Amino acid sequence: MQALLAAIAQMPYCTDAQRIFHGRGGLYPGCEQISLDAFPPVIVLTSFAPMDEAQLAVIGQALEQRWQQIAPAEQPLIWAFQTRESGGRVETRIMTGELPEPHVVTENGAKYLIHISRGQNHGLFLDMAAGREWVRQQVLAHSRPERMKVLNLFAYTCAFSVVAKLAGAGQVLNMDMSKTALATGQHNHQINGVKAGASFAAHDIFSSWGKITRGGLYDLIVVDPPSYQKGSFIATKDYARLMRRLPDLLAPEGQVLLCLNAPELGTAFLREQMTEIAPELKFVERLANPPVFADVNEECSLKVLVYRAPGLDNTAQS
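Residues numbered from 1 in each chain as written. Predicted model: local features only at pLDDT ≥ 70, side-chain atom pairs only at ≥ 80, totals over all residues. Heavy atoms only, no water.

Asker: Looking at this structure, I do not really get the state of the cysteines. What am I missing?
Answerer: Covalent bonding between the sulfur atoms of two cysteines defines a disulfide. Under the counting rule described, the total for this entry stands at 0 disulfides. Left unpaired, Cys14 is separated from the closest cysteine sulfur, that of Cys31, by 18 Å. Since its relative accessible area comes to 9%, Cys14 is described here as buried. Counting only cysteine sulfurs, Cys158 is the nearest neighbor of Cys259, a cysteine outside any disulfide, at a range of 14 Å. (Disulfide = S-S within 2.5 Å. Buried < 20%, exposed > 50% of the residue type's maximum accessible area, 1.4 Å probe, protein only.)

Next comes the structure, spelled out in structure tokens:
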């Protein structure tokens, strides 16, 4: 635990949601099962293996000591511990303090509703921060952002849409099978004041191509599916089905963000299939993950790839 304790000793007072310690990247032997996140004002310790009470007491003492050094006097320490075990069992304990209700965090000026004690997904995936920033920059750089159409597939709580709308995008279609996640997404748009031009469809994407196509050609498409979700999406067989649709959905010089968070599938999984299935879409770059998410093998970490459609003259732009 020494690496974790050292990270706590240097922990800043976070005002934005962010990861503090990423043992999952394998850079800290003995801490591979641990991560520490800030969802201000809450600190969340997550372990993928059981931790005994003595270990938790040491971590709690380290957090309290550091908190007294960095936090305003009126802000008590609130921290939670979540265990995630094989088989999908999740248990969350509030170790000190009380969770805010509602719990709203910020990231780069955007606001998101968070649920720490509701399952393993809290409402915002911190490792996708660079992807959200890329979307923001693309919208800001567009000559007519108010005319941009964005398609957000597997939208979850619609963070990409919030960022796009805050940057000035005209229309965003958010699609996800989970009505609960989309309801949170709608709330996220409301608290950011960007409800106009955002639509939400709680549909199976593979049964909804007609609705998606009727939305017209899109200037930007975000594809961020789960790597494996029984009955919904299995990357090894379903990603190719998505790729086949992309060329007909993108406007000239439109861009697509392909995301995959499956340690067993590397960048080549996406690139080789795109070359075969949608060769007219040209690879631009792989976005670097936030530095705190460094991994001993970057091919095991989050993959976020950018592709671009050719222009009207059918000449691929790069």
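So much for the structure itself; the text now carries on.
Asker: Would you explain the packing of helix 1 (residues 2–9) against helix 2 (residues 53–70) in this entry?
Answerer: Any two packed helices are characterised by the angle at which their axes cross and by the distance between the axes. It is the contact of helix 1 with helix 2, at a shortest axis distance of 9 Å, that shows an interaxial angle of 15 degrees. In terms of orientation, helix 1 lies roughly parallel with respect to helix 2. Judged by the sense of rotation from one axis to the other, the crossing of helix 1 with helix 2 is right-handed. Between helix 1 and helix 2, the residues in contact are Leu4, Leu5, Ile8 and Ala9 and Val58, Ile59, Ala62, Leu63 and Arg66, respectively. In terms of residue class, the contact of helix 1 with helix 2 is made up of 8 nonpolar, no polar and 1 charged. (Axes fitted to C-alpha atoms, helices over the stretch in contact; angles between N-to-C directions. Helix = DSSP H or I, 4+ residues; strand = E, 2+ residues; numbered from the N terminus. Parallel < 35°, antiparallel > 145°, perpendicular 65-115°, else oblique. Left-handed = near helix turned anticlockwise from the far one by under 90°. Contact = heavy atoms within 4.5 Å. Nonpolar A, V, L, I, M, F, W, Y, C, P; charged D, E, K, R; others polar.)

Asker: Is there a simple way to explain unusual backbone geometry in this structure?
Answerer: Each neighbour pair has its own omega, and for Pro40 with Pro41 the value is 5 degrees, a cis peptide bond. Turning to its location among the elements, Pro41 is positioned in the loop between strand 2 (34–39) and strand 3 (42–47). Cis rather than trans, the peptide bond between Glu101 and Pro102 has omega equal to 0 degrees. Positive phi, normally seen in glycine, also occurs at Asn108, with a value near 50 degrees. Within the fold, Asn108 resides in the loop between strand 6 (103–107) and strand 7 (110–114). Within the chain, Glu253 stands out as a residue other than glycine whose phi angle is a positive 65 degrees. Locating Glu253 in the fold gives a position in strand 14 (residues 250–260).

Asker: Is there a simple way to explain the sheet that holds strand 5 (residues 90–96) in this structure?
Answerer: Think of a sheet as strands paired side by side through backbone hydrogen bonds, with each pair either parallel or antiparallel. In space, the 5 strands of this open sheet follow the order 1-2-3-4-5, with mixed pairing throughout. Of all strands in the sheet, those with a lone pairing partner are strand 1 (18–22) and strand 5, marking the two edges. Within this sheet the neighbouring strands show an average axis-to-axis angle of 20 degrees, counted without direction. One ladder, built from 4 bridges, connects strand 1 with strand 2; its direction is antiparallel. By the bridge assignment for strand 2, His22 is matched with Ser35. (Pairing = 2+ DSSP bridges.)

Asker: Is there a simple way to explain empty space enclosed by the protein in this structure?
Answerer: If a probe the size of a water molecule is rolled over the atoms, the empty space left behind becomes visible. Counted by the stated rule, this structure contains 3 cavities of 30 Å³ or more. Approximately 130 Å³ is the volume attributed to the largest cavity. Considering the residues around the largest cavity, the lining is formed by 15 residues, among which Phe125, Tyr156, Ala159, Phe160 and Asp224 are closest to the centre. For the lining of the largest cavity, the secondary structure elements donating two or more residues are strand 8 (149–153) and helix 4 (159–166). Residue composition of the lining of the largest cavity, by class: 10 nonpolar, 3 polar and 2 charged. By volume, the second largest cavity amounts to about 50 Å³. As for the second largest cavity, its lining consists of Pro12, Tyr13, Cys14, Ala38, Phe39, Pro40, Pro41, Val42, Ile43 and Trp67. Of all elements in the fold, only strand 2 and strand 3 reach the threshold of two or more residues within the lining of the second largest cavity. Looking at the lining of the second largest cavity residue by residue, the classes come out as 10 nonpolar, no polar and no charged. (1 Å grid on protein atoms, 1.4 Å probe; cavity = no way out; pocket = protein on both sides within 12 Å on 5 of 7 lines; lining within 4 Å. Points joined across faces, edges and corners; volume = space filled by probe spheres on them.)

Asker: Is there a simple way to think about the pairing of strand 3 in this case?
Answerer: Looking down a regular strand, the side chains alternate between one sheet face and the other. Counting buried residues in strand 3 gives 6 out of 6 residues, a clear majority hidden from the surface. The alternating pattern of strand 3 places Val42, Val44 and Thr46 and Ile43, Leu45 and Ser47 on opposite faces, both of which are buried. In the sheet, strand 2 pairs with strand 3 via 6 bridges, with the strands oriented antiparallel. The residue bridging Ser35 from the neighbouring strand is Thr46, located in strand 3. With antiparallel pairing between neighbouring strands as the criterion, strand 2 and strand 3 make up a hairpin whose turn holds 2 residues.

Distances and angles like these do not, on their own, reveal function.
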